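Observations on chain architecture
The primary structure of each chain is shown beneath.
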Amino acid sequence: MTVAPRFTFKNGTLHAEDVSLATLAKEYGTPLYVYSRAALQDAWESYARALEGRKALVCFGMKANSNLAVLNEFARLGSGFDIVSGGELARVLAAGGDPGKVVFSGVGKQVWEMQAALEAGVKCFNVESEAELERLSRVAASSGRVAPISLRVNPDVDARTHPYISTGLKENKFGIAIERAPEVYRRAKSLPGLNIVGVDCHIGSQITEASPYLDALEKLIALILGLREDGIELSHLDLGGGIGIRYTDETVLQPVELFSQVFDRLDKAGLGHLELVLEPGRSLVGNAGVLLTEVQYLKHSEAKNFAIVDAAMNDLLRPTLYDAWHDVEAVNPRLVTDSTPVYDIVGPICESGDWLARERRMELHQGDLLAIMSAGAYAFTMSSQYNTRPRPAEIMVDGTRSYVVRERESIESLFQGENLLPQEQAIRTKES
Ligand code: LLP
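Note that this is a predicted model, so its numbers are computed, not measured.

Counted residue by residue, strand 4 (residues 32-36) has 5 buried out of 5 residues, so it is predominantly covered. Side chains L32, V34 and S36 of strand 4 all project onto a buried face; the interleaved residues Y33 and Y35 project onto the opposite face, where all are buried too. In the sheet, strand 4 pairs with strand 14 (residues 289-300) via 4 bridges, with the strands oriented antiparallel. Looking across to strand 14, one finds that V34 is bridged to V290.

Structure, rendered in structure tokens:
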């Protein structure tokens, strides 16, 4: 059993659903991102079940995985999208998503992005600062449109996760301090071109406990009830994303358990009529993908053993950036004994930080295939072409079939659009 239920061993070979990863490597080469459609559907179901019978909208936090096929799958399941750029909006539209189910987050929205979102008719702008509120009012009013808004408030709770992915503390750049929110709502009410529809928070990512959510919810409830006294009625409450996944042996939050507590609290506060908006990213896609890679060399030294593979930090930045753990499974595992060496699994990039996994006891040979697990979220979307490495193809498996949902990049495409400087005229050189 792996951390990802749709990636299992059949006859000694790791499969994505019913397709052998060895077959995929042969067919498409490595490195390769492999996603499971059924795993996307399973993850979606876990939210759908939790929200059944309630007014709620899941807006997939698409920064986790913005491949068009993934977006299209979620759009077909009824998902909305949480976007943070004009580029992400364009992807939603290209994938057949409904702009009326889009919430637009992010601290640095530019004028053109606001215009595009107004034109597309997004559900809501999650406004993250007072300066943004003023700009949005000007942009909307000058185009004769009305921008539906929430304020993203910062409830100052500790999500108890990695500091780089914790966003709900006072010292973070995100959102408006909750104490200031009533005043900013009053300001919003007085500005042209704005329609107040909700409140929003997102406290962090890879959260494995319910308490930070419930603490944030208490603060939002108090805010909503206070606003009511000011004559400001909201129609939705957006609790952001952040539910963690199992990378190794974490106990994870189940949407059903978390959101039944959320609905209980809302009902008790007399706010059961509010639509609950969620922005899950990682928990919808993280365990629906692996990064498949081939061992190029084994290097044994006195201090360490290295397995040098063909994937690298440019394909999966999380280990080096966050010290993140990803399970590594051999596609055709060999027997591990006490004398089996312990390897650091590293890429070919010229940086000591180029590692994917550390200190794994595995019986490895040159040419072996490895699956870096839980690579469905924040893997491809955070990839780069560092060292002029073309990005791997992305494959979607569906039952016994596989589809290329993004081609492997060609080397030429990496410098397409680059120009040489004008060459010195030979004649001028002679004259001088
Ligand atoms: N909504 C907002 C406003 C966000 O900033 C994020 C993620 C999400 C939703 C989705 O959060 P999720 O459900 O995926 O936790 N690159 C990091 C994660 C960064 C998360 C940024 N914001 C990683 O690889 O762990």
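Here we take up the sheet that holds strand 2 (residues 13-16). Spatial strand order, 1-2-3: 3 strands in an open sheet with antiparallel pairing. What marks the edges here is a single partner per strand, and that holds for strand 1 (7-10) and strand 3 (19-20). Both strand 2 and strand 3 contribute to a ladder of 2 bridges, which runs antiparallel. Along strand 3, the bridge assignment pairs A16 with V19.

Our focus in this paragraph is the packing of helix 2 (residues 37-51) against helix 3 (residues 68-77). Helix 3 packs onto helix 2 with a crossing angle of 40 degrees between their chain directions and a minimal axis gap of 11 Å. With respect to their mutual orientation, helix 2 and helix 3 come out oblique. At the point where helix 2 passes helix 3, the crossing takes the right-handed sense. Here R37, L40, Q41 and W44 of helix 2 lie close against helix 3, whose contacting residues are V70, E73, F74, R76 and L77. When grouped by side-chain class, the residues that make up the contact of helix 2 with helix 3 number 5 nonpolar, 1 polar and 3 charged.

Cut-off values and rules
- Here the residue numbers are simple positions, counted from 1 along each chain's written sequence.
- Where local features are concerned, this predicted model is filtered to residues with pLDDT of at least 70; where side-chain atom pairs are given and counted, the filter is 80 or more; whole-chain, interface and lining totals use all residues.
- Computation of side-chain values covers all heavy atoms of the structure but excludes hydrogens and water.
- Relative accessibility decides the category of a residue: with a 1.4 Å probe and only protein chains considered, values under 20% of the type maximum give buried, values over 50% give exposed, and everything between is partly exposed.
- Each helix is a run of H or I in the DSSP string that is no shorter than four residues. Each strand is a run of E no shorter than two, and both are numbered from the N terminus.
- Strands are labelled as partners when DSSP assigns at least two bridges between them.
- Helix axes use the C-alpha atoms of the stretch in contact, all axes being lines fitted to C-alpha atoms, and the angles between their N-to-C directions lie in the range 0 to 180 degrees.
- An angle counts as roughly parallel when it lies under 35 degrees, as roughly antiparallel when it exceeds 145, as roughly perpendicular when it falls between 65 and 115, and as oblique in every other case.
- Handedness of each helix crossing follows the sense of rotation of the near helix against the far helix: counterclockwise by less than a right angle gives left-handed, clockwise gives right-handed.
- Residue contacts are counted whenever heavy atoms from the two residues lie within 4.5 Å of one another.
- The classification used treats Ala, Val, Leu, Ile, Met, Phe, Trp, Tyr, Cys and Pro as nonpolar, Asp, Glu, Lys and Arg as charged, and all other residues, Gly among them, as polar.

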